[in-house]
Amino acid sequence: EKNFMNKPWEVVSKKEVFTDEFVAIEDWRVRHSNKEDRSYKMVRHKGDAVFVFGITKNNEVLVLKQFFMSSLDWRHTVIAGLVEQEDLETTAVRELKEEAGCVAREIVYLGKTLKGKWTLGYYHFFVATGVERVTKQSLEESEAIEVEFIPFEKFRRILKDGTIHDVAGVECAYRALDHLKLL
C-alpha cells in the first residue's frame, strides 16, 4: 500500500461555473498526490468576514437575534459582516455600529480560521469590550436584527446548549471568552 499522505495536491485548472453579487462556485480540477485527477466544487464568497463578540463593562453580552435562511428560523448569534474595502478592525467597528448601534472601548483581534474545507476565504474574530449602545441600528434592506444584552451566565448557558449554533459565531465566542479568561 502506497502512502500519499502529506504530499501536496496540484490544482490543474479552475473554472467559474456560477457567480452573483455575493458568491461564486468554481470547478477545480485537482491532481492528487497519487497522480489521479478529480473535480471539486469550491465556494468563494465575495470577501472575508469578521465576527465580533461584544461585552459591556457590567459583563452583559451583546447578542443578536436574526433570521437564518439555512434553518428557516430566528437564531442568536454575534455581530458579523463582510470585509469591504477596508481593514479588518475598521470592518469590526463598522459592523458593531451598523448592526447593534454600539461602540466599544477596545477591540482586539483574536485570529482567523478557514471558512471551510470547500469554502475559500477566512473568518476573522474580534472581542469588543466596554460595549455600549449609542445610536440606532443602520441595517441593510435585507437585514432584520434584534439586539439584546444578556447576563453573562445566561450567555454561557445558551452557548453550551446550542442556541448559538453557527460555527463561526461559536468559535468567536470561545476565542473571546478564552481571551477574557472567562472559560
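Here is a short report on the structure shown in this document. From a predicted model like this one, the values you see are computed outputs, not experimental measurements. (Residues numbered from 1 in each chain as written. Predicted model: local features only at pLDDT ≥ 70, side-chain atom pairs only at ≥ 80, totals over all residues. Heavy atoms only, no water.)

## A word on the overall build of the chain
From N to C terminus, the chain includes three helices and 13 strands. With the principal axes as the frame, the chain shows a C-alpha extent of 60 × 40 × 30 Å. Relative to all contacts within the chain whose residues are 6 or more apart in sequence, the contacts with residues 24 or more apart total 57%. In the form shown here, the chain has an accessible surface area of approximately 11300 Å², with 51% of it arising from carbon and sulfur atoms. Positive and negative side-chain charges in the chain, numbering 28 and 31 respectively, have mean positions lying 6 Å apart. (Helix = DSSP H or I, 4+ residues; strand = E, 2+ residues; numbered from the N terminus. Contact = heavy atoms within 4.5 Å. Areas by Shrake-Rupley, 256 points an atom, 1.4 Å probe, with all protein chains shown as cover. Lys, Arg positive; Asp, Glu negative; His and termini not counted. Charge placed at Lys NZ, Arg CZ, Asp CG, Glu CD.)

## A look at the nonpolar core
Among the nonpolar cores identified, the biggest contains 22 residues, and Phe51, Phe53, Val61 and Phe155 are the most heavily contacted of them. Of all the secondary structure elements, the ones that give two or more residues to this core are β4 (49–55), β5 (60–68), β11 (122–129), α2 (152–160) and α3 (167–179). By residue number, the principal contributor to this core is α3, which donates six residues. Setting aside residues up to four positions removed in sequence, Phe53 forms contacts with Val61, Val78, Phe126, Val127, Ala128, Phe155, Cys172, Ala173, Ala176, Leu177 and Leu180. (Core = buried A, V, L, I, M, F, W, Y, C linked by side-chain atoms within 4.5 Å. Buried < 20%, exposed > 50% of the residue type's maximum accessible area, 1.4 Å probe, protein only.)

## Topic: α2
Residues of α2 that are buried: Phe152, Phe155, Ile158 and Leu159. In an axial view of α2, the angular spread of the buried residues amounts to 120°, which keeps them on one side of the axis. Turned more than 90 degrees away from the buried face of α2 sit Arg157 and Lys160, all of them exposed. In this structure, the buried residues of α2 make contact with β4, β5, β6 (73–77), β13 (145–151) and α3. (Arc of directions from axis to C-beta.)

## Points about the sheet that holds strand β2 (residues 23–31)
Strand order in the open sheet made by the four strands is β1-β2-β3-β10, with mixed pairing throughout. In this open sheet, the two strands that pair with only one neighbour each are β1 (10–19) and β10 (119–120). (Pairing = 2+ DSSP bridges.)

## A short note on the environment of Asp20
In this fold, Asp20 is placed in the loop between β1 and β2. Overall, the relative accessible area of 35% leaves Asp20 in the partly exposed class. C-alpha separation for the pair Asp20 and Arg157, spaced 137 residues apart in sequence, amounts to 38 Å.

Read these as layout, nothing more, since geometry by itself doesn't imply function.
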